[in-house]
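Notes for the structure review
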Amino acid sequence: MINTVNPQTKGLNGIIEIPADKSISHRSSIFSALTHNKATIKNYSHGEDCLSTLNVLRALGVDAEFKNDKELIINSPKKFTKPQTILDSGNSGTTIRLMSGVLASQDFESTITGDQSLQKRPMKRVITPLEMMGAKILSNNNKAPLTICGTRLHPIDYNYEIASAQVKSCVLLAGMHACDGPTSFTEPFKSRDHTEKMLSYMNADITTNGNTVSINPCLPEPKTLIIPGDISSAAFFMAAAAIVPNSDIILKNVNLNPTRTGIVDVMKQMGADIEILDYRLECNEEVGDMRIKYSELKGITIEKDIIPRLIDELPIIAVLATQAEGTTTVKDAQDLRNKESDRIKTICSELAKFNAKIKETPDGFIIEGKTKLTPSGMLECYHDHRLAMSMYVAGLIAGKPSQINEFQWVNTSFPEFEALMERIRV
Ligand code: S3P
């Protein structure tokens, strides 16, 4: 589906509710299934990635039904059953990596895979620790499909050189089912900590000490979980309001977990006008509303420990940087090449089609602003939802209509994206 985005001629205005966080939704259904009991999840994401997690759980014998648009009921059997089919994670890295940690301790063999894009992404990062714990895994050259022969796992103390919440969660989930003793995971910078927060809310035996998390063998207890709005989805609206003149919008119910708010810190440093309203705690997660107005932006350097706190927002930060006076440099973000697309390459190629002054580097990019964006030719999203939405936001301030190919990839995380944009474009 080709989407034509017309430039926005007046300010964005209105109040919208941001749909459920993807990372927290995945964890809520997996951890509820691990209680082997019945639990309710309120406001579960309707994005395709989170529905893939539900399908994988269903293939293991879990009953996961939406009671209505807003409520998901998980009913998990006393023991998972050997799946009769290959488990399909679709486009979702979180599904395959977290579920690998669960499958490694089952008393059956299973195969888990995903779509063409997921089959190109690195899986050695989860294979290595799971094999150290005793699992036997067959792969296609360290890529999916993964055939996992579950076993009684041994605990490990694992040190990983990349800050990765998916690898951390995989190891902790395997550690939860290890035979005896604590399993720990250490990373160089703190990645998102939803696993730690949710498991401790569910009374699992988990502790954090700096960048090390440890878990003792245990089962989480069933709890009613409420999923807040996704700051990574909110980011496209925050950026749109910051660059479309005369904008003033309010985003309701956004997750403000400090391991995810790098985008707020960076935008404020660039000069954006962002106000947090009604800050509160819900199911162990910080939540609030956000007011964002248009303002002049300036270029900055983004590097080191802030990178994991905004890793998914770098494509939209690149769009912001085209509208900031001076140079914006992103460094230390090599893992961006392993996402739904090689985001360093794809953001540079597509923003260049808008005439942006952007230069690719091995671990990031350098952008000179401020540039009047003018699209030429067809914009591609390379099976990558965040690239599709970044192009849309760039299209709002472009000199003429922009055309985005295969725009349906937004459904991976944010099927409501265009309808919500339309609401603030009136
Ligand atoms: C996620 C962790 C991050 C992030 C992804 C979701 C998670 O990946 O990019 O969109 O839910 O744990 P890495 O763990 O590979 O950094």
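All values reported here derive from a predicted model rather than from experimental measurement. (Residues numbered from 1 in each chain as written. Predicted model: local features only at pLDDT ≥ 70, side-chain atom pairs only at ≥ 80, totals over all residues. Heavy atoms only, no water.)

**Some words on helix α11 (residues 385-396)**
If you check α11, its first and last C-alpha atoms are 17 Å apart, about what 12 residues at 1.5 Å a residue would give, namely 16 Å. The buried count for α11 comes to 12 of 12 residues, which makes it a mostly enclosed element. Those residues of α11 lying buried are His385, Arg386, Leu387, Ala388, Met389, Ser390, Met391, Tyr392, Val393, Ala394, Gly395 and Leu396. Measuring from the side-chain oxygen of the N-cap residue of α11 to the backbone nitrogen of arginine 386 gives 3.0 Å; that N-cap residue is aspartate 384. (Helix = DSSP H or I, 4+ residues; strand = E, 2+ residues; numbered from the N terminus. Expected span 1.5 Å × (residues − 1). Buried < 20%, exposed > 50% of the residue type's maximum accessible area, 1.4 Å probe, protein only. Polar contact = N/O pair within 3.5 Å; in protein donor to acceptor, adjacent residues only side chain to side chain.)

**Notes on the pattern of salt bridges**
According to the stated counting rule, one finds 25 salt bridges in the structure shown. One salt bridge in this structure joins arginine 309 and aspartate 265, with 2.9 Å as the shortest N-O distance. Here the residue arginine 309 occupies a position in the loop between β19 (301-302) and α9 (314-322), and aspartate 265 occupies one in helix α8 (residues 262-270), the gap between them amounting to 44 residues. Here aspartate 265 falls in the partly exposed class, since its relative accessible area comes to 35%. In this structure, glutamate 350 engages lysine 353 in a salt bridge whose closest nitrogen and oxygen atoms are separated by 2.8 Å. Of the residues examined, glutamate 350 reaches a relative accessible area of 0% and is grouped as buried. A relative accessible area of 24% places lysine 353 in the partly exposed class. One connected set of salt bridges, linked through shared partners, spans Arg192, Asp312, Glu340, Arg343, Asp384 and Arg386. (Salt bridge = Lys/Arg side-chain N within 4 Å of Asp/Glu carboxyl O.)

**Description of the environment of proline 129**
Along the chain, proline 129 falls in helix α4 (residues 124-132). Spatially, the C-alpha atoms of proline 129 and valine 319 are 37 Å apart, while their sequence positions differ by 190 residues. Proline 129 has contacts with Lys124, Ile156, Tyr158 and Val171, leaving out every residue within four places of it along the chain. (Contact = heavy atoms within 4.5 Å.)

**Topic: the packing of α8 against α9**
Running from N to C, α8 and α9 cross one another at 5°; their axes reach a closest spacing of 12 Å. The orientation of α8 relative to α9 falls into the category roughly parallel. Residues Ile263, Val266, Met267 and Met270 of α8 form the contact with α9, whose own contacting residues are Ile317, Leu320 and Ala321. (Axes fitted to C-alpha atoms, helices over the stretch in contact; angles between N-to-C directions. Parallel < 35°, antiparallel > 145°, perpendicular 65-115°, else oblique.)

**Some words on the side chain of aspartate 289**
Assignment of secondary structure puts aspartate 289 in strand β17 (residues 285-293). Accessibility expressed as a relative area gives 6% for aspartate 289, which makes it buried. Of note is the side chain of aspartate 289, whose polar atom sits 3.3 Å from the side chain of lysine 252. Setting aside chain neighbours within four positions, we find aspartate 289 in contact with Leu251, Lys252, Asn253, Glu275, Ile276, Leu277, Asp278 and Arg280.

**Focus: helix α3 (residues 93-103)**
Judged by how many residues are buried, α3 sits mostly within the fold: 11 of 11 residues are covered. All of the buried residues along α3 are Gly93, Thr94, Thr95, Ile96, Arg97, Leu98, Met99, Ser100, Gly101, Val102 and Leu103.

**Digging into the layout of surface pockets**
If a probe the size of a water molecule is rolled over the atoms, the empty space left behind becomes visible. Its volume calculated, the largest pocket comes out at about 610 Å³. What lines the largest pocket is a set of 36 residues, among which Ala163, Ser164, Ile311, Asp335 and Lys339 lie closest to the centre. Among the secondary structure elements, those contributing two or more residues to the lining of the largest pocket are α1 (22-33), α3 and α5 (165-176). Its residues assigned to classes, the lining of the largest pocket comprises nine nonpolar, nine polar and 18 charged. (1 Å grid on protein atoms, 1.4 Å probe; cavity = no way out; pocket = protein on both sides within 12 Å on 5 of 7 lines; lining within 4 Å. Points joined across faces, edges and corners; volume = space filled by probe spheres on them. Nonpolar A, V, L, I, M, F, W, Y, C, P; charged D, E, K, R; others polar.)

**Side note on the domain arrangement of the protein chain**
The assigned domain composition of the protein chain is domain 1 (3-19 + 228-424) and domain 2 (22-226). The C-alpha-based centres of domain 1 and domain 2 are spaced at 28 Å. Facing the 31 residues of domain 1 at the interface are 29 residues of domain 2. Summing both sides of the interface, domain 1 and domain 2 together bury roughly 2,600 Å²; the carbon and sulfur share of this comes to 50%. When the buried surface of domain 1 facing domain 2 is broken down by residue, Cys283, Asn284 and Thr412 rank first, second and third, together holding 21% of it. At the boundary of domain 1 and domain 2, one finds three salt bridges. (Domains from an automatic or database assignment. Buried area = accessible area lost by both parts, 1.4 Å probe.)

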